[in-house]
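# A closer look at the structure
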Amino acid sequence: MRYVDEFRDAELAKGLLSQIHKTVTRNWVVMEICGGQTHAIMRYGLDELLPPQAELVHGPGCPVCVTSLELIDKALEIASRPNVIFTSFGDMLRVPGSKKDLFSVRASGGDVRVVYSPLDAVKIAQDNPEKEVVFFAIGFETTAPPNVMSVLQAKALGLTNYSVLVSHVRVPPAMNAILSSPHNRVQGFLAAGHVNTVMGYWEYPEIAQKYKVPIVVTGFEPIDLLRGLLMVLQQLENKQYDVQNAYSRVVSYEGNKAAQEMINRVFEPVDRQWRGIGSIPQSGWGLRETFKEFNAETRFEVAHIQTRESEICIAGQILRGLKKPYDCPAFGTQCTPRNPLGATMVSSEGACAAYYQYARYRGEE
Amino acid sequence: MNNENHLPTLEGPVCPVPLQHADQVVMGHGSGGKMTMELIRDIFMPRFKCDPLAAGNDFAAVGLPNLATLKGQLSISTDAHSVAPLIFPGGDIGKLAVCGTVNDVCMSGALPLYLTASFILEEGLSMTVLENIVQSMRAAAEEAGVQIIAGDTKVVERGKADGVFITTTGIGWIPDGRRIGGAEAQPGDKVLVSGYLGDHGIAVLAARGELGFETAVQSDVAPLNHMIHTLLTAAPHTHVMRDPTRGGLATTLNEIAHQSQVGIVLQETSIPIRPAVQAACEMLGFDPLYVANEGKLIAIVPPDEAKDALESMQRSKYGEKAAIIGEVTSTPIKRVLLHTTMGSNRILDVMAGEMLPRIC
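Below, the structure is looked at part by part. (Residues numbered from 1 in each chain as written. Chains lettered and ligands numbered in written order. Predicted model: local features only at pLDDT ≥ 70, side-chain atom pairs only at ≥ 80, totals over all residues.)

## Looking at the overall build of chain A
For the record, the criterion: Each helix is a run of H or I in the DSSP string that is no shorter than four residues. Each strand is a run of E no shorter than two, and both are numbered from the N terminus. The quantity called the radius of gyration is restricted to C-alpha atoms. Its globule counterpart is 2.2 Å times the number of residues to the power 0.38. Our exposure labels follow a C-beta count within 10 Å of each residue's own C-beta, placed from the backbone: buried means 20 or more other C-beta atoms, exposed means 12 or fewer, and partly exposed covers the counts in between. With C-beta atoms placed from the backbone, a contact is any residue pair whose C-beta atoms sit within 7 Å.
In terms of regular secondary structure, chain A is built from 16 helices and eleven strands. Relative to the 2.2 N^0.38 estimate, which gives 21 Å for 365 residues, the radius of gyration of chain A is 21 Å and therefore close to what a compact globule would have. Referenced to the eigenvectors of the C-alpha coordinate spread, the extents of chain A come out at roughly 65 × 45 × 45 Å. Looking at chain A as a whole, 54% of its 365 residues are labelled buried. Summarising the internal contacts of chain A: among those between residues at least 6 apart in sequence, 77% fall at separations of at least 24.

Take a look at the structure:
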C-alpha cells in the first residue's frame, strides 16, 4: 500500500537499526509519548531489535488511559439516565469505571452509541430533538479540532440538546510534569507526530532547553520510529538538546493554525486530573465561559461524583516511564484486557494492552 | 341450505375484507394458520422444493445414500446468523446462513448432505427482501449441492429482531477413516490459507455506512465444500481444516494451537491481504488478522503434502490467492507467533472482545 509500505520497509529498517547500534555508547532512556507509537513498537517488535542500552519507556499519550476514573464515573452516570443518548469513541466503552463500564450501561438499557466522529453525534442530536445527546470529548490535541468543531456546529445549528463531557489533555504540561518529577528517568522524547500535526512544535524548544532533553517529532510507522529514535540518540551522544522533526511529511513548526485558532475559541487551559498520575496544572482544556451551555458536567449536575482508583494498578508509574507493565503483580493475572484493572490495559493504545497482546510470552522466558 | 332470503339486507356496516399483507411480514405470518401456510407456499416452497419438504410433515424423512455400504460418521453443525445490513456487497444473510453451516459441516472432511433452516422474522420485514434472501439460500444450496429439507418460521414484534435471524443446521457424511480436527495439528505441518483475509468484515462494516468510508471490497461468503473435496484428494492426510469467521485468522489459529497443544509461527509477508482491506484497517485501527471471513479455509497439512494442497486450492474457484503462511511448531506451546516484516517475533493473541475503532 502506498504511503505505508515504504515506511515499513525491512531493508530500510535494518539500515537504521545498524546506525542505532553504532551510535549508542552508553545507556539512554527515551520515552515515546504516544500510545499509538507504543503499539507500533510492540507490534513490529522494534524493542527486541534495539541495542540493550537504548531503553524505550512508554509515555502518557493514550487518551483512554489518562481519562480520570472520576470522569468515567460521571460519563457512566450520565449515560444511565433515561432521556440521554450517550455517544463516544469506541475505545471508551470498555474502560472500567469504579463499578461498571459503558458496555454494561448499554446492556442495562442505556442508549450508548459508538461514533467515529463527534460530528456524527451532532447529527444524532439533530435527528433526536426530544433527547439529550452527549458526546464524550476525550483526547489530546489530536482530537481537539473535531471535538470543538462539533460544539461550533451545534451552536451554529442552534441545538439545545447537545453537550460535551470534556476530558481534554495536552502534551507539553505532561512532559513538564514527567521531567520535573524527582524520580524521572527520561532523557529524550519521541514527540507524538499526530499531536504535532495540529499543534506544530513551537511549544517544545522551551522544554528541551529547560530540562536539557532532545525532542524529536516522530511518526508511527517502524521507519518513522527508528529514524526518530536515531536522531534522539545522536543528540544524546553529542550532548545536544534540540527539537528536531523526523515527521516533516505531515508536521510543520507552526502546525495547523486554523485548527489552533478554533480550539482557542472554544477551549481554555484548565487543571486536569490524569488517571494514575494526579492533577497537573493547566494540563487540560475545558469549555470557555462563552460555550458553557454545552458543558455536560453542569447540565447533568454530576460535579459531586468523586472516585478513587484501584490500589493495585501501577498505571500511573507506567505512564510516567517509571515502571514497565511486567513490574505489575497483577499484569496478565488479575489484570487482562478482558478484565482490566486500569485503563492502560483497556485501550488499543494502552501500554499494558500492547505488552499483553504482543509480547506477553517474553515475560515468561 | 339457503337462508339468504330470510336475512335482513345489510346496508350499514360490513365486515371489511382483511388486508392481504403481501408486501411485508406481519404477526399473522407466524400464527401457524392460513397466513403461515401462504408464506410457506409462496416464498419457501418454490425455492426449497424437495420431496422431504413437500411431504408436509413435522419432520423430514431422508435416506442416507447407499446406507448399507456407508461407513464413517455423521458431521452435524448448527449456526445462528444475524447480520446488519441484511444484504451487503457480495452476499446476504441467506447466502451466509447456507455457506456458514455447509462450511462448518465440511471442516471435518464431510460431504455435506442436508440442511434445515429456521427463520425468526421481524414484523414489518419487506416480503421482497425475504424473497431475495430465500432465493439466495437456494442458489447457495444448489452450488454446494445440499438440500434444505426442513424448516420453521416464527414472527416476532417489530423491534424484537433485526429483520430476520436464520438458524441453519447441517448434516454431512464423513468417510470412514478420515480424521480431521482441531486437535490433529503436528509440529512440522504447514499452515495454508485459501486467499485474501478480512474481506467479509470490511465489506459489512462499510455497508453499514456508519464509519463514513466506502470500499469496493465484497464479502467473500462462499461454500467451500468443493474446494475441500479437491484439497483432500490432493492432500489426503490433511490434519486440520477450519474457516476463520468471527475473530479472524488470529483467533482461529489460537484455538487450534490450544486444541493441538502446539505452537504456530506465521510469516507476516506471506499472509494474503487485499490492499483495500489493508487500507481500511489502517484507517480504522483494525488488524486484518482479526477481521471476519466467510469463505476462507485454513488447512494444516503434513509438509510433504503442502505443495499439492496449495496447488489444489489455487486451482479451485475460491482459492486462487491461496498461500502457505506458516508452520506448526512444538514450542512455544499453545501460542501463535508472527514473524514480522521487521524480522522480529510478536504474539498473535485472541481478540479480547468487540473490535473497536480507535480514537486517533
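## Let's talk about the pairing of strand E7 (residues 190-193) of chain B
All names here are of chain B. How we decide: Two strands pair under a simple rule: DSSP has to find at least two bridges between them.
Burial along E7 is two-sided: the face carrying Lys190 and Leu192 and the face carrying Val191 and Val193 are both buried. Note: E7 against strand E10 (residues 298-301), four bridges, orientation antiparallel. Its bridge partner lying in E10, Val193 is registered against Ile298. Pairing of E7 with strand E11 (residues 323-329) involves four bridges; the strand directions are antiparallel. Bridge pairing links Lys190 to Glu327 in E11.

## Points about helix H9 (residues 171-180) of chain A
Along H9 of chain A, the residues classified as buried are Val171, Pro173, Ala174, Met175 and Ile178 of chain A. Of the surrounding secondary structure, the elements contacted by the buried residues of H9 of chain A are strand E1 (28-34), strand E2 (54-61), strand E7 (188-192), helix H10 (193-199), helix H11 (204-211) and strand E11 (278-287) of chain A.

## With respect to helix H7 (residues 118-127) of chain A
Residues and elements named next belong to chain A. So the rule is basically this: The directions considered for the arc are those from the helix axis to the C-beta atoms.
Looking only at H7, the buried set comprises Pro118, Ala121, Val122 and Ala125. Buried residues along H7 cover an arc of 100° about the axis, so they all sit on one side. Residues of H7 that are buried in the fold lie against strand E3 (84-88), strand E5 (132-139), helix H8 (144-156) and strand E6 (162-169).

Read these as geometric descriptors, not functional statements.
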